[in-house]
Each structure stands twice: as structure tokens, then as C-alpha cells.
Amino acid sequence: MIWLWIMNVILVVAAILLVGLLRGVLGAAKSITPTINAIGGVGAAISKDLDAVVVLLTTQNYISQIVGSLANYGGSLDAALPDA
Amino acid sequence: MSLAVAVMILLIVLIIAALALFLIATIVQLVKINRGLAVVIGAVGEIVAKTAPINGVLDAINSTLGLGSNLLEGLFVKKAGDDAGGLVESLFPGEGAKFLQRVGRRGPVVNTGEVYTRGVGILVAIGRTAPIGAAHVRAPQPATTVAPEPEPAPAEPPEPEPEPAPSGRISLRRRPDFPGTAAPEPAPAPPEPPPAPTGRISIRRPDFPGTAAPVQRPAPAPAASAGGGGAEAEEPPASPEGRLSARAKRPWER
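Residues numbered from 1 in each chain as written. Chains lettered and ligands numbered in written order. Predicted model: local features only at pLDDT ≥ 70, side-chain atom pairs only at ≥ 80, totals over all residues. Heavy atoms only, no water.

Visitor: Sorry, what's going on with the overall build of chain A here?
Guide: Counting its secondary structure elements, chain A contains two helices and zero strands. Total accessible area on chain A stands at roughly 5,600 Å², and carbon and sulfur atoms take up 73% of it. (Helix = DSSP H or I, 4+ residues; strand = E, 2+ residues; numbered from the N terminus. Areas by Shrake-Rupley, 256 points an atom, 1.4 Å probe, with all protein chains shown as cover.)

Right, dumping it as C-alpha cells:
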């Protein structure tokens, strides 16, 4: 009979430990959710900010045209000015 | 059933109930995390898709700008020759040696100062032969009421202006705006109304902020200028009037 009571005490202690551990796991899981939501908001904002990246193609086109004009200008200067 | 057995059964039921409760709550939270990560992964996928062409575009822009830079630097070195480092040094102090190192040239860097005499001579020669240059480079008007005669056009295109120094060396000139270095200059003539275009050649003083009205120099002899030699470039001017100043051409200094 005494062994049954000892087993009951052990079960009580195990239940307390188990509840404590499970509460820790649940608290950690609950803390992840708002962080994920915040990351999602930031990611959406970054994606929206990157919409202007497409303008880089226009910039590339402009730079090519400018360098072409620059080459023509240099050619004219090369013909107009004497060499050193 | 004894009391001890009943208590044991009750404890086991409580433990199983606590396990089920907390595990179910944890599963619910994990499901929420999964949904949030799905949203985040979508946004990250958009970021990756939008940033994918950046490397190629930037590489193309850099290569194009590098070509343009090499073209201009090569043209500058070709036209200025040994004076290239000095010209860069005069405009951006401390950059002349770096420029020479970048273009792979060696030699001393001599600051050409505010006035590049050889460039002035070249531009004067161009201005005498090209109509657009003559429109911008005018001759000084003598202080008389007699209308000057237009200069005859040169028979053939003149050659580049010779250097003021016979060895082609660059002479440094004193800047009048340095404190303690101002040389006594003759009193400038009172400003006159701008004369009517007569086709003669003169060089206007650049509009320095805080400087006096332009002073006109005496007109060169027609015989000397008709030959296309450029009398203005042969004799170095004693004052900044009539010089080309690279500093005055930079708009950010105003």
C-alpha cells in the first residue's frame, strides 16, 4: 500500500513538471505568431518599395543614349581640336 | 478499490487531460505560424523576383559608364598631352597625380593655374575660323568714334596656335584674388555700351562674382590677325581680362 502512495506522489510531481513544460512550449509558440505577422508586413512593404526597380531599365536606356551622345561629342572634339 | 488506487487513477487522468489541452493549444499556434510564414514567403518571393534583374542592369550601367569615362579620359589625354595632369590638378587640387596614375601616365604634375594658355590659343584659332566661334569671341573696340573696318577672312585655316613659351612649357600666373599677391593694375576704363557686332575678334572676361566691369584691351593690328596667327594668344595677357577660366565655367561655384 505504501508503494501506491509513493507512486501517487511521483505522479503529482510529474504532472506539475509536465504542465510547466507545456506552458513554456505554448508561450513560445504564441510569441512566434506576432513576429511572423510583423515580418510579413515588412516583407510586403519591401516588395512595394522595389516596384521602382523597373525604372532601372529606363535608367539603363538613358545612360546608353547619354554615353552615345558623349561619344559623338568626343568625336567632334577630336576632329575640332588639335592633338597635343 | 482502495483510496490509493483511486487517487492514482485521478492523477493519471489529470496528466492526460493537461497533455491534451496544452498540445492542442500548441498545434493551434503552429497552424497560425504556418499561415503567417506562407504570407511571408509570398512577399519574399516577390522581393526575389523584383531584385533578380538588378545585377545585370547595374553591370550594364557600370560598363556603359566605364566606357564613357574611358572615352573622355582618353580624349582628354590625347588633346592635353602632358598638360592633362596639371589641368586636372588646377581644377581639383590633389587629383592630378591620381588621374595620371589612373590613365597610366607618368611625369610631374604642374598646376596650370587658372588660365591654360595653350587652350586659349586653340580656342582663339577656332574662333577666327568658325562662324560660331567668331560670334562668341569678339574683338575689343578702340575708344574712338570711327567705325572699325572688318577684318578680312583668312585665306586658309590657320594652324594651331604656337605656345607662348618656345619650349611649350606651361607658365604659372599669379591670381589677382589671392590676398597679398594683387599686382597694381592700371585703372580700368569706364564701361562702355556694348558695341555693334563688327566681325572683329575679342575675348570677353568671364563673369566672376565680385569682379569689376570688363576692361577692353587695345585691338590688335589687322595685319597680325589676318594671318591667322592669333596675336592674343602669342602675347600672354597681364591680367585676367580676356582669359579663359575653367573655374568660371563651373556653375556650382557661383
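From this point on, the discussion continues.
Visitor: Is there a simple way to think about the overall build of chain B in this case?
Guide: Of regular secondary structure, chain B possesses eight helices and zero strands. Along chain B, helices (α) and strands (β) appear in the sequence α-α-α-α-α-α-α-α when read from the amino end. Burial status across chain B gives 31% buried among its 254 residues. For chain B, restricting intrachain contacts to residue pairs at least 6 apart in sequence, the fraction spanning at least 24 positions comes to 71%. Total accessible area computed for chain B in this model is approximately 15,900 Å², and 65% of it derives from carbon and sulfur atoms. (Buried < 20%, exposed > 50% of the residue type's maximum accessible area, 1.4 Å probe, protein only. Contact = heavy atoms within 4.5 Å.)

Visitor: Just to check I follow, could you spell out helix α3 (residues 84-91) of chain B for this structure?
Guide: Residues separated by three or four positions in an α-helix point in the same direction, a consequence of the helix having 3.6 residues per turn. Counted residue by residue, α3 of chain B has seven buried out of eight residues, so it is predominantly covered. Along α3 of chain B, the residues that are buried comprise A84, G85, G86, L87, V88, E89 and S90 of chain B.

Visitor: Looking at this structure, how should I read the pattern of salt bridges?
Guide: When their charged atoms lie close together, side chains carrying opposite charge are able to pair. One pass over the full model with this rule turns up seven salt bridges over all chains. The salt bridge partner of D78 of chain A is K78 of chain B, with a shortest N-O separation of 3.0 Å. One end of the pair, D78 of chain A, is in helix α2 (residues 55-80); the other, K78 of chain B, is in helix α2 (residues 54-80), on a second chain. By relative accessible area, D78 of chain A is classed as partly exposed at 29%. The salt bridge partner of D83 of chain A is K79 of chain B, with a shortest N-O separation of 2.5 Å. On the criterion of chain membership, the pair formed by D83 of chain A in the segment after α2 and K79 of chain B in helix α2 is interchain, its members lying in two chains. Residues joined by salt bridges that share partners form a network here, namely D78 and D83 of chain A together with K78 and K79 of chain B. (Salt bridge = Lys/Arg side-chain N within 4 Å of Asp/Glu carboxyl O.)

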